[in-house]
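Here's the letter readout for the chains.
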Amino acid sequence: MPVSRDNHYVPQLYLNNWGTDNKIYVHRLLVPHEAVPDWERCAIRSTAYIENLYVRIEDGEEHDDFELDFNGRFETPVKPILNKLCSNQRLTREEWPVLCDYITAQYVRTPSFYHFVASWGKKEVPDIVEKVLNKLVSTPIRPSTEKSDLGNGKLLPMEVSISNQPDDDSHSYVEVSTVVGKNIWLYIINHILSSDSPVKRAFREMKWHIVTAPLGFSWPTCDAPVVVTRIGQQGRIDVTSGFGNKDAVILFPVSPKKLLLGTHARGNTWHFEADIRLAQQISEAIVNNALMYVYSSFEDPSVIAIRSRLVDAVEFKRQNAQYADWYAKYKTDEAPFLTKKRAIKRGQIIDIGETV
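Residues numbered from 1 in each chain as written. Predicted model: local features only at pLDDT ≥ 70, side-chain atom pairs only at ≥ 80, totals over all residues. Heavy atoms only, no water.

Here the focus is the overall build of the protein. Along the protein, the regular secondary structure elements total 10 helices and 21 strands. When each of the 356 residues of the protein is scored for burial, the buried share is 47%. Pairs at least 24 apart in sequence give 73% of the contacts found in the protein among residues at least 6 apart. Roughly 17,800 Å² of accessible area belongs to the protein as shown, and the carbon and sulfur atoms make up 49% of that amount. (Helix = DSSP H or I, 4+ residues; strand = E, 2+ residues; numbered from the N terminus. Buried < 20%, exposed > 50% of the residue type's maximum accessible area, 1.4 Å probe, protein only. Contact = heavy atoms within 4.5 Å. Areas by Shrake-Rupley, 256 points an atom, 1.4 Å probe, with all protein chains shown as cover.)

Shown next as structure tokens:
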């Protein structure tokens with residue numbers, strides 16, 4: 001199967017709402033020197049992508065089924081719905097779940113969410129491996145020299161090795177190992193976007209409001225366009241909140257003039273115009289949620305006032321190298337785990353999926 005090398009994590013159809021003539025204004029949050037302008041007008045297709053971002057390897061073969069899935073399940077169905085939102089047309093009951101699933105996909109498919117998963121994994125995965133190991137050693141195991149990926153069988157890079165030592169017939173030795181990296185991120189994406197996912201269901205159950213920007217005001221967007229935040233003290237938006245808080249809200253800019261606001265409780269109206277104070281707070285939340293890029297339909301000075309860029313040639317080079325080596329590191333560190341071999345317990349395939 002031919003694979004897509006340029007995996008866009010913010011879809012072009014989405015960024016088109018901020019662009020003209022297939023170009024968009026980009027504010028980079030990290031630059032190598034002061035001579036880089038605050039805003040650059042770039043081709044939409046040349047931004048918000050990382051080569052081989054979603055490409056995975058299974059048994060030595062490359063697959064880009066994630067990008068195809070994003071296109072087929074989320075982007076194509078939502079295109080007419082986004083157009084309706086931008087043109088002030090009322091959505092049908094059947095269109096709202098499609099829109100919510102699209103927002104969920106945009107939440108998990110970005111490098112920003114990858115970094116969140118990697119941070120979570122470094123803290124939690126050692127305990128998960130320990131639980132898997134304890135489960136294995138608590139039941140009789142048939143010795144096997146084969147190694148196995150456990151759980152999903154395609155994505156979760158966990159490996160078990162079961163063997164006997166030549167000088168000890170009374171014990172089997174079990175080793176469990178994994179890598180916290182790209183494939184755990186893809187595994188979690190796959191889980192969240194599955195039909196029975198509680199996260200996907202939570203997005204659908206939010207009370208969604210369509211918010212219009214006040215006259216003369218435009219919202220930017222960014223490379224992590226789904227903002228999970230909350231309304232804190234004195235009505236101020238707090239970007240430090242988590243999704244599970246009862247006062248959490250979700251912000252998703254649809255265009256410079258339209259934004260979706262998800263809450264746990266329905267407000268007075270499902271469609272309203274923001275006052276200037278709320279509009280400014282929303283802009284701050286969007287800009288502060290960005291990882292690398294903020295996008296706008298014009299050279300917006302308020303974006304720079306909200307968050308100044310970092311000028312650091314060394315960090316710029318390091319970050320570029322990190323994403324340039326993304327796929328090479330994945331092939332070296334994770335691909336060897338992703339095989340179809342299985343360890344055996346009581347004559348059957350071990351299934352650790354419920355444990356992890």
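On we go.
Below, the discussion takes up the sheet that holds strand S4 (residues 40-43). Pairing is antiparallel in the open sheet, where four strands are placed in the order S4-S2-S18-S12. Two strands close off the open sheet at either side, each with one partner strand: S4 and strand S12 (221-222). Judged from the four bridges that link them, strand S2 (residues 23-28) and S4 form a sheet pairing that is antiparallel. Its bridge partner being in S4, Lys23 is matched across the sheet by Ala43. (Pairing = 2+ DSSP bridges.)

Before going further, it helps to examine the environment of Asn190. The topology assignment puts Asn190 in helix H5 (residues 182-192). By relative accessible area, Asn190 is classed as partly exposed at 37%.

This part takes up the packing of aromatic side chains. Counted by the stated rule, this structure contains 16 aromatic pairs. Centroid distance Phe66 to Phe70: 6.4 Å. Interplanar angle 65 degrees. Geometry classified as edge-to-face. Pair noted here: Phe66 and Phe70 are both in helix H2 (residues 65-86), with a separation of four residues, about one helical turn. Using a relative accessible area of 9% as the deciding quantity, one classes Phe66 as buried. In textbook terms, an aromatic cluster arises when at least three aromatic residues are bridged by ring pairs, as seen for Tyr54, Phe66, Phe70, Tyr114, Trp185, Tyr323 and Trp326. In this arrangement the basic side chain of Arg109 is found over the ring face of Phe70, its NZ or CZ atom lying 4.2 Å from the centre. Across from the ring centre of Tyr330, 4.5 Å away, lies the NZ or CZ of Lys182, which sits over that ring. (Phe/Tyr/Trp six-rings, centres within 6.5 Å; stacked < 30°, edge-to-face > 60°. Lys NZ or Arg CZ within 6 Å of the ring centre and 35° of its normal.)

This is a description of form; function is not addressed.
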